Amino acid sequence: MRTLATRLALVTTFCLAVSAAANAAEVDPDGVAFFEKNIRPLLVARCQECHGEEIQEAGLRLDNRTAAFAGTDGMPVFEPGQPDESRLIQAIRYTGQIQMPPDDKLSDEEIARITEWVVRGAPWPEDASPDDADGEAKQTPTSPEAIARARAEHWAFQPVRMPEIPATDASDWIGNPVDAFVLARLEAAGMTPSPRADKRTLLRRATFGLLGLPPTVEQWSQFEADDSPDAYARLIDRLLDSPAYGQRWARHWLDVARYADTKGYVFTEDPNYPYAYTYRDYVVRALNDDLPYDQFIIEQLAADKLPELRERTALAAMGFLTVGRRFNKNMQDIIDDRIDVTTRGLMGLTVACARCHDHKFDPIPTADYYSLYGVFDASLEPDELPLIVEPDENESYQEFQAELKRREEAAESYQREQREQLLAGARAAVDRYLMALLRGSEASDSGEDDAKATNPIVLERWQEFLAKTAGKDSAVFAAWHALAEVPAEEFSARGAEVLAELAGAAEQPAEGEERHINTLVREALTERQPKTIDEVAACYGELFRQFDKTWAELREQHKDKAAEQLTPDQRQLHAVLYGEESPVELNDRAVRRAFSIPVKQKIERLQREAEAWKKESPNAPPRAMVMNDSDRPGRAHIFVRGNSRRRGAEVPRQFPIALTGDQRQVFEDGSGRLEMARLIASRDNPLTARVLVNRVWMQHFGEALVRTPSNFGLKGDRPTHPELLDYLAARFMDEGWSLKKLHRWIMLSATYAQSSDIRPECQATDPENRLLWRMNRQRIEFEAMRDSLLAIAGRLDASIGGQPFDLGAQPFVPRRTIYGQIDRQHLRSELRIFDVASPDSSSPQRPETTVPQQALFLMNSPFVVEQARHLAERVDTSDTAEAIRNLYQIVLTREPRGDEASLAVAFIESAEAEGSDPHEVDASADSDDSSADEGDRRRRRGRRQPDRLDRWQQLAQVILLTNEAMFVD
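Source: prediction; values computed, not measured.

So, how was this worked out
Residues numbered from 1 in each chain as written. Predicted model: local features only at pLDDT ≥ 70, side-chain atom pairs only at ≥ 80, totals over all residues. Heavy atoms only, no water. Helix = DSSP H or I, 4+ residues; strand = E, 2+ residues; numbered from the N terminus. Buried < 20%, exposed > 50% of the residue type's maximum accessible area, 1.4 Å probe, protein only. Contact = heavy atoms within 4.5 Å. Areas by Shrake-Rupley, 256 points an atom, 1.4 Å probe, with all protein chains shown as cover. Phe/Tyr/Trp six-rings, centres within 6.5 Å; stacked < 30°, edge-to-face > 60°. Lys NZ or Arg CZ within 6 Å of the ring centre and 35° of its normal. Disulfide = S-S within 2.5 Å. pLDDT = per-residue confidence, 0-100. Core = buried A, V, L, I, M, F, W, Y, C linked by side-chain atoms within 4.5 Å. 1 Å grid on protein atoms, 1.4 Å probe; cavity = no way out; pocket = protein on both sides within 12 Å on 5 of 7 lines; lining within 4 Å. Points joined across faces, edges and corners; volume = space filled by probe spheres on them. Nonpolar A, V, L, I, M, F, W, Y, C, P; charged D, E, K, R; others polar. Expected span 1.5 Å × (residues − 1). Salt bridge = Lys/Arg side-chain N within 4 Å of Asp/Glu carboxyl O. Lys, Arg positive; Asp, Glu negative; His and termini not counted. Axes fitted to C-alpha atoms, helices over the stretch in contact; angles between N-to-C directions. Parallel < 35°, antiparallel > 145°, perpendicular 65-115°, else oblique. Polar contact = N/O pair within 3.5 Å; in protein donor to acceptor, adjacent residues only side chain to side chain.

## A closer look at the overall build of the protein chain
A tally of helices and strands in the protein chain yields 41 helices and six strands. Across the 969 residues that make up the protein chain, the buried fraction comes to 51%. Long-range contacts, defined here as pairs at least 24 residues apart, represent 67% of the contacts in the protein chain between residues at least 6 apart. By element, 48% of the accessible surface of the protein chain is carried by carbon and sulfur atoms, the whole surface being about 46600 Å².

Below you can see the structure in the form of C-alpha cells.
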C-alpha cells in the first residue's frame, strides 16, 4: 500500500504535468518572444551555472522547460500568473527563506522582467526533442534543409504577387476589389455581409479612425445634407488632408517604435531624452506629407547615410533607433533592442529570439542575429547631436544661449575647482599615503572635509609609483624604501645607521655611480633624525609641503619660466608632484573617479541642470537623435550563449538568410545600415509591405488579417484572407508605398462600411468575425478619449509639434495627447489603466482590458470633471429642451432618442424645484461649533468643493461617460 506521502507526490506530479501541458497549450507567440528575449538570456547568464545541465543545486534545473516546471522537492518554484505566491520570485526578491543568487542579487530591472514573465503565465516553449517518432535525428529549424524548406513553403516568405480578383455571386455589393476577396470567403461559408451603416455611424467611424476625434455638429450637418454619390469619398479625402491625421496615425507608429521621452532606469544619469520630441514630430510630418513608406523606413534607419537628404529635419527620423530603453547603459541590451525594433517592428520577424541560441521555430540562426548585431555595434551616437533647424539669432535665442553657457560654466567651474582641491590635498598629504601603504590601511571616501582621509584612486597610484621605484636607485625614495625595511623594534638603533650609509653614499658616490639620494631628502632626514618610520613619513610630508609652497612662489614670480629656476634636487621633487608619472597628477578620467561621492553628485546635478535647460527652454533649437557609422567598424562575432565575454566565430554583416537565401551579400558600406535599410524597404522583401498593410487594416477593423501582427514567422497566425493581404500589399507597392491611398482603398470598401450589429445566425457560425461579416465595434484608445473630451468641451489645442507637456499638470494642458510626456520608468497610472502600449519594447497591438479603474477615472478624474464643466458652458441653458438637444449633438453627434430628453429635463427641473445650489456648504454644520472662531466658520461656509458639479455639469458628464461616447460602431 502506498503511503500518504507517496500518494501526495503522485498527485503533485500529475498536477504539475497538467499545469505544464496547459501552459504549453496556452503559450502565445508574443509570450514566447518575451521569454526568448528577456528571460532565457537571464537564466543563462545568472542561473544556469548552478541550475543547469551539469549542476542542479537543490535539485532545481532551469535550462529546459520540463525540468523548470517540475521545480524542486516535488513542488513548483513558480506559480504562473501569481508572482507573490511563487518561490522563485520570493527567492530573487530576497523575501523568502532562500535568497538567490546568494552572493549577487539580481538588479531591480532583472527582477521586474522575471516577475512580468510569471504574471504573463510563465510562457516557455516546448523543449526540442532530439529524435522524432521514427528514432531519426530531428531537423532543427535552422538547418540548411529546414531553411530551404521554410523559404519555399512558408506563406510569409513567398514573394508578394498580385492575385486574381475572385468572382462572386452578389457582385452588386462590391465597392472595390477589397470586397471581392471578403465576399468570396463569405459565400463559400454560406454567409452574407451586413447592411451598410447609416451616415452618422460612417461619419463617426471615419473621423475617429483617421483623426482620433469626434465629428463636430457642423461636420455632421454638412455630411447629412450631402446626398451626392461621392459624398463619402470626399469626406475621406477631407479627413486625410487634415493635419490631425498625422497626429492620430503617428501615435500608432510610436507604439511600434517604443517611443518615450525618457531612457528608463539609468542610475544617476539624466533620464530624459531632450530631443525625443523631434522624432515624434518627424513621424507626424511624414504621415501628413504622405512620405512613401519605403523612404520612411530608410530615413529611420539610415538618414545620416543618404547621399541626398530631402531635408535636414529628416535626420530626426533616426530616433526610431535611439529612443529605446537604455538598460542602465548595458550596450548589449541596447543593441538587442535595436535589432528587435528593426526586425520585428518593420518585418514581423522575431530575430531577437536568436540572441543566445538558434531560433527555436524560425529559420534564424544565431549567426544571423550577430550579423545584424555587427551593424548596430558599428553605429555610434555622436556626443554633439546635429541641429535640424538653424536657430534665428534673435533675442530669445541669445537668452537661451546665455543661460545655457551660465549653467555649463557652473558645472565646469565647480569640477575644475574640486579638481584643484583634490590634487592640492593629495600633494599636501604625501605622509598619509606613505603610512597608509606601509600599514595596509584602506582608503577612505567619506567626503570632502575628512582631514584624515586617503583617496582610493590616489592611494592606488601611490602603490604603483612606489612599486616602480622600489627596484631602482630612486633619488627621492631610496631612503624611504631602505628605512621601511627596518623592523620597528630595531628602528632606534638601526635607522640612524641606514640613514648614515645613504647619506655617505650621496656625499661621496663611488666612481661611475650616480647619487641615489636626493640632497633635500637627506638634509631633511638628517636634521630631524626620525626615531620611527612614522617620523620618516612626516619628514617626507613636510618636505613636499615646503617644496609645493616654494613652487607656487616661483610660478607667481617667473610664470612660464619657473621650472628654469629649480635646482636639480628640486626638479626631482617636482617630478614626484607634477611629472607625467606622478601619483598625484591625475588625468581627467582618474580625477572623476577620485572625486568623493558628494562631489560627484553635485557635478552630475549641475550637468543635469545644463542638459535640462536644453529640453525645458522653449527657445532651445531642435536636434536629431542620430547615429553615425564608426570610423573603424569592428568585426562581428557570435557571443556564445549570449555571453559577450565568450567570443565565438566571426560573422559578416549581412541580411538574414531566411529572406535572401544563398544570394545574400556582405554589407560593405561602413556599418551596413543603409544597405540593410534598402533591403528591408525593397519590393523583393516579402514581409515589409505585408506587415504594414496588415497593421493598417488592424487599426481600421480592430482585428488584423494576420492576428499576430509582429510575428509572421512559422509560429505566427496564418492570414484569414491571404489573397486580400497580398492584393493590398502588391497594390500598396505598385502605387508608390502611399499610406493615404491604402486608407482610401480600405475605407471606401463595402466591407468597411458594414453595420456593426450582431446577426445571430452569423455569430453562431463565425463568433470571432474572422470572415468579416460585419464591422467590429471598437473602444477608442486613451489618446483619442482624452482628445475627444477636450474637443467636445471646446478646449482642444490642435497645434502641431513641440516639446512634451506633463499630462498631470494643473491647470490641464489642452494639447493633443500625443504631445504628453511618456516617462518610461514612471508611466502614469491612467496610461496603464487604459492599456497604453508599454514603451519598453515594440508594440504593434495594444491589449484591451475592462477594469473598474477605467470607469472610476471617468467619474472622478479632475480632468474629466473640468471638461464636463466646459461642456456645460457651451450650451445656452435658458431653454432646457434645446440645451439638452445641443449636449447630445455635441457629444454623440445625434439628437436625444426615446425618453432620453424627458429624463434629462426631469433631472434638471428636480434641481430647480429644490431651489438649492449644490456648491454651497450647509452653514448649519458650524452653528453648534463653539470651539471655532467666527472667522473659521465664515471661511467654511464660503468654501466650495471643487469636484462638485451643478445639474447641467452633471448631465454633461453623464453623457460623456456613456459607452456610445467611448466606443465607435
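## Re the packing of aromatic side chains
Centre distance and the angle of the planes are the two values used to describe a pair of aromatic rings. Evaluation of the coordinates by the stated rule reveals 35 aromatic pairs. Judged by centre distance (5.4 Å) and plane angle (75 degrees), the rings of Phe834 and Phe857 are edge-to-face. One end of the pair, Phe834, is in the loop between α34 (829–833) and α35 (852–860); the other, Phe857, is in helix α35, with 23 residues separating them in the sequence. Both residues of the pair, Phe834 and Phe857, belong to the buried class. Through a chain of ring-to-ring contacts, three or more aromatic side chains come together here, namely Trp253, Tyr279, Tyr282, Tyr293, Phe296, Phe320, Phe732 and Trp737. Over the ring of Phe34 we find Arg120; its NZ or CZ atom is 4.1 Å from the centre of that ring. Its end group placed over the ring of Trp773, Arg774 keeps NZ or CZ at 5.3 Å from the ring centre.

## Side note on the state of the cysteines
Throughout the structure, instances matching the rule amount to zero disulfides. You can see Cys50 has no disulfide; the closest cysteine sulfur is in Cys47, sitting 8.9 Å from it.

## Overview of the confidence of the model for the protein chain
With 89% of its residues at a pLDDT of at least 70, the protein chain reaches an overall mean of 86. The model gives residues 129–137 a pLDDT under 50, and that stretch makes eight contacts with residues more than four places away or in other chains. Note on residues 916–946: pLDDT is under 50 here. Beyond four places in sequence and across chains, it has 25 contacts.

## Focus: the nonpolar core
Of all hydrophobic cores here, the largest spans 174 residues; its most connected members are Trp253, Tyr282, Leu728 and Leu742. Counting residues in each nonpolar core, the second largest holds 55 residues, with Ala436, Ile457, Val486 and Leu554 among its members.

## Quick look at the layout of surface pockets
A volume near 1500 Å³ is recorded for the second largest pocket. Around the second largest pocket sit 45 residues that line it, and Phe34, Glu116, Arg120, Ser838 and Ser841 are the ones nearest its centre. Contributions of two or more residues to the lining of the second largest pocket are made by α2 (29–46), α5 (108–119) and α15 (331–347). At seven residues, the largest contribution of residues to the lining of the second largest pocket is made by α2. Looking at the lining of the second largest pocket residue by residue, the class counts come to 16 nonpolar, 12 polar and 17 charged.

## Details of helix α12 (residues 276–288)
The terminal C-alpha atoms of α12, which comprises 13 residues, lie 19 Å apart, in line with the 18 Å expected from a rise of 1.5 Å per residue. Within α12, 12 of the 13 residues are buried, which leaves the element mostly enclosed by the surrounding structure. When we look at burial in α12, the residues that qualify are Ala276, Tyr277, Thr278, Tyr279, Arg280, Asp281, Tyr282, Val283, Val284, Ala286, Leu287 and Asn288. On its buried side, α12 packs onto α11 (243–256), α13 (293–302), α14 (319–322) and α31 (739–747). At the exit of α12 stands Asp290, carrying a positive phi of roughly 55 degrees.

## Some points on the pattern of salt bridges
This model, assessed by the stated rule, comprises 58 salt bridges. In this structure, Asp629 engages Lys305 in a salt bridge whose closest nitrogen and oxygen atoms are separated by 2.9 Å. In this pair, Asp629 sits in strand β2 (residues 628–629) while Lys305 sits in the loop between α13 and α14, placing the two residues 324 residues apart along the sequence. Given the relative accessible area of 18%, Asp629 is considered buried. Salt-bridge contacts for Arg635 lead to Glu650; the nearest nitrogen and oxygen are separated by 3.7 Å.

## Thoughts on helix α7 (residues 177–188)
Between its terminal C-alpha atoms α7 stretches 17 Å, which fits the 16 Å expected from 12 residues at 1.5 Å a residue. Residue Gly190 follows α7 closely and has a positive phi angle near 70 degrees.

## Comments concerning the side chain of Arg204
Examined against the element boundaries, Arg204 turns out to sit in helix α8 (residues 199–211). Although Arg204 lies buried, it forms no salt bridge, and the closest oppositely charged side chain, Glu964, sits 5.9 Å away as judged by the N-O distance. Excluding anything up to four places from it in sequence, Arg204 contacts Gly209, Pro215, Val891, Leu892, Thr893, Glu964, Ala965, Phe967 and Val968.

## Examining empty space enclosed by the protein
Per the counting criterion, the structure on display carries nine cavities of 30 Å³ or more. Its volume calculated, the largest cavity comes out at about 200 Å³. Contributions of two or more residues to the lining of the largest cavity are made by α11, α13, α29 (688–701) and α31. Of the residues in the lining of the largest cavity, the class split is 12 nonpolar, three polar and one charged. Empty space within the second largest cavity amounts to approximately 90 Å³. Along the walls of the second largest cavity sit 13 residues, with Gln247, Arg248, Arg251, Glu783 and Ala784 positioned nearest its centre. Here the lining of the second largest cavity takes four residues from α11, the largest share from any one element.

## Examining unusual backbone geometry
The omega torsion across Met100 and Pro101 is -15 degrees, close enough to zero to call that bond cis. Within the element layout of this structure, Pro101 appears in the loop between α4 (87–93) and α5. In this structure, Asp290 takes a positive phi of about 55 degrees despite not being glycine. Of note, Asp290 is situated in the loop between α12 and α13.

## Brief notes about the packing of α29 against helix α30 (residues 722–734)
Helix-helix packing is described using two parameters, namely the angle between the two axes and the distance between the axes. Orientation of α29 relative to α30, taken along the N-to-C sense of each, is 110 degrees, at an axis distance of 9 Å. The angle between α29 and α30 falls in the class roughly perpendicular. Where α29 abuts α30, its residues Ala689, Arg690, Leu692, Val693, Asn694 and Trp697 lie against Leu724, Leu725, Asp726, Leu728, Ala729, Phe732 and Met733. Looking at the contact of α29 with α30 residue by residue, the classes come out as 10 nonpolar, one polar and two charged.

## Considerations on the packing of helix α22 (residues 519–528) against helix α24 (residues 568–578)
Here α22 crosses α24 at 90 degrees, and the two axes come no closer than 8 Å. By the criterion of interaxial angle, the relationship of α22 to α24 is roughly perpendicular. Contact with α22, carried on its side by Thr519, Leu520 and Val521, involves Asp569, Gln570 and Leu573 of α24 and no other residues of that element. Looking at the contact of α22 with α24, its residues break down into three nonpolar, two polar and one charged.

## Focus on the environment of Gly345
Note on placement: Gly345 falls in helix α15. Classification of Gly345 as buried rests on a relative accessible area of 0%. Sequence spacing of Gly345 and Pro844 is 499 residues, and the spatial spacing of their C-alpha atoms is 7.4 Å. If near-sequence neighbours (up to four positions away) are discounted, Gly345 is found in contact with Val256, Asp340, Arg695 and Ser842.

## A word on the environment of Arg653
Relative to the assigned elements, Arg653 resides in the loop between β4 (647–651) and α27 (657–660). Sequence separation between Arg653 and Tyr369 is 284 residues; the distance between their C-alpha atoms is 9.7 Å. Not counting residues up to four positions away in its chain, the partners in contact with Arg653 are Ser371, Gly374, Val375, Ala378, Pro633, Gly634, Gln665, Val666, Phe667, Gly670 and Ser671. A polar atom in the side chain of Arg653 sits 2.7 Å from the backbone oxygen of Gly634.

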